[in-house]
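# Structure at a glance
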Amino acid sequence: MSLVAAALESRGVATVTLSSLPEVSARVQAPRTLVVPFGLGTPVGPPLEADTQLRVVGSALELAYEIGVPLVRTWSP
Amino acid sequence: MDEGEDSDAVRLEDLPLKYRFLIGAYRWRRVSPTPCAVPQRPLAEARVGLVTTAGLVPPGAEPFDLDARGGDPSFRVIPAGTSPHALAVHHRSDAFDRAGMATDINVVFPLAALERLAREGRIGTVAPRHLSFMGSITAPGRLVRDHAPRAAGVFVEDQVDVALLVPV
């Protein structure tokens, strides 16, 4: 995913990548990463929890305006 | 949000041995220096697109090749008007739990959240096209040379300012 992020950033599209596996994120160093406390397969949050999903997405998008990359933040409810 | 990496996220040691080995041995690639784009519009005016690696395929599109050596590096375009219920899942990995996305596709493709943020004026617009990869690409050469640049071209053409990448 970080390779896709790099392609997008190089064309002027800012990216934020969700991550359920911070150990992998530390290796690939995507431009901006939001580590989430959800299991593999549900990175945006539990199913049918629309408010949680909204807050995760909203938090992630705010990170797109950070320019000190690579950047890793951890989302908490 | 907190700085750092400590959270309730998944740890490698929590995964089955097979995946601990695969993830640990995989030669993860990174681009250095890390490229950094600065959005030209504030978030309340920005156009936002989604990129998922859940292997989602819209109606009429070719399924991902589950048997491709090194993984299928191609991508599918998901038009914004596509019904989430019409998206098929073609993914060769069994490392993640599929029950969540079977119940609610927004756990890997949060279009409903994006649309709500747009209605509330917190983002400008939702991109007219979103992107889907399959992930599990162990030989990413063609991804880097061909498919990722072409995927980026879709968002450039659509004047997308910010992309949210959602790996499974």
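Residues numbered from 1 in each chain as written. Chains lettered and ligands numbered in written order. Predicted model: local features only at pLDDT ≥ 70, side-chain atom pairs only at ≥ 80, totals over all residues. Heavy atoms only, no water.

## Some details on the confidence of the model for chain A
Low pLDDT means the predicted coordinates in that region are not meant to be read closely. Note the following rule: For every residue, the predictor assigns a confidence score, pLDDT, that lies between 0 and 100. Comment: elements are numbered from the N terminus, with helices defined as DSSP H or I runs of at least four residues and strands as E runs of at least two.
When the pLDDT values of chain A are averaged, the result is 91; 100% of them are 70 or greater. Of all the helices and strands in chain A, helix α2 (residues 22–28) of chain A carries the lowest mean pLDDT, 77, while helix α3 (residues 50–63) of chain A carries the highest, 97.

## Quick word on the pattern of salt bridges
Selection rule: Within this document, salt bridges are pairs made up of a side-chain nitrogen of Lys or Arg and a carboxyl oxygen of Asp or Glu, the two lying within 4 Å of each other. Burial classes follow relative accessibility: with a 1.4 Å probe on protein chains only, a residue under 20% of its type's maximum area counts as buried, one over 50% as exposed, and anything between as partly exposed.
The full count for this structure, using the stated rule, is nine salt bridges over all chains. Arg122 of chain B is paired through a salt bridge with Glu120 of chain B; the nearest N and O atoms lie 3.6 Å apart. The class for Arg122 of chain B is partly exposed, based on a relative accessible area of 36%. Classification of Glu120 of chain B by relative accessible area gives partly exposed; the value is 42%. Here the salt bridges share partners, and the residues they tie into one network are Asp51 of chain A together with Arg116, Glu120 and Arg122 of chain B.

## Here's the deal with the packing of aromatic side chains
Under the convention used in this document: Within 6.5 Å between ring centres, the rings of Phe, Tyr and Trp (the latter by its six-membered ring) count as paired, and their orientation is classed by plane angle as stacked under 30 degrees, edge-to-face over 60, tilted in between.
Scanning all chains against the criterion turns up two aromatic pairs over all chains. Ring centres of Phe38 of chain A and Trp75 of chain A lie 5.8 Å apart, and the angle between their planes is 45 degrees; this geometry places the pair in the tilted category. Pair noted here: Phe38 of chain A is in the loop between β2 (32–35) and α3 and Trp75 of chain A is in the segment after β3 (71–74), with a separation of 37 residues, a long-range link. Overall, Trp75 of chain A belongs to the buried group, its relative accessible area being 4%. Ring geometry for Phe75 of chain B versus Phe133 of chain B: centroids 5.6 Å apart, planes at 40 degrees, classification tilted. On the criterion of sequence distance, the pair formed by Phe75 of chain B in the loop between β3 (56–57) and β4 (76–79) and Phe133 of chain B in the loop between β7 (129–132) and α4 (141–157) is long-range, its members being 58 residues apart.

## Description of the interface of chain A and chain B
The following threshold applies: Residue contacts are defined here by distance: any two heavy atoms, one from each residue, within 4.5 Å place the two residues in contact. As used here, buried area is the combined drop in accessible area, with a 1.4 Å probe, of two parts when they are placed together. For this analysis, a polar contact is any N or O atom pair within 3.5 Å, provided that within protein one partner can donate a hydrogen and the other can accept it, and provided that sequence-adjacent residues contribute only side-chain to side-chain pairs. Throughout this entry, Asp, Glu, Lys and Arg are counted as charged residues, while Ala, Val, Leu, Ile, Met, Phe, Trp, Tyr, Cys and Pro are counted as nonpolar. The remaining residues, Gly among them, count as polar. Two strands pair under a simple rule: DSSP has to find at least two bridges between them.
The partner chain B presents 70 residues to the 66 residues of chain A that form the contact. The largest share of the area that chain A buries against chain B comes from Leu3, Arg27 and Tyr65 of chain A, three residues that together contribute 12% of it. Summed over the shared surface of chain A and chain B, the result is one salt bridge. Measuring nitrogen to oxygen at the nearest pair gives 3.1 Å for the salt bridge that ties Asp51 of chain A to Arg116 of chain B. One can count 15 residue pairs in polar contact (both at pLDDT 80 or more) joining chain A with chain B. Where the side of chain A that touches chain B is concerned, the elements lending two or more residues are α1 (2–10), β1 (14–19), α2, β2, α3 and β3 of chain A. Of the residues assigned to the side of chain A that touches chain B, the class counts are 41 nonpolar, 16 polar and nine charged. Bridging between β1 of chain A and strand β8 (residues 162–166) of chain B involves four bridges; their strand directions are parallel. Bridging from a neighbouring strand, Ala14 of chain A pairs with Val162 of chain B of β8 of chain B.

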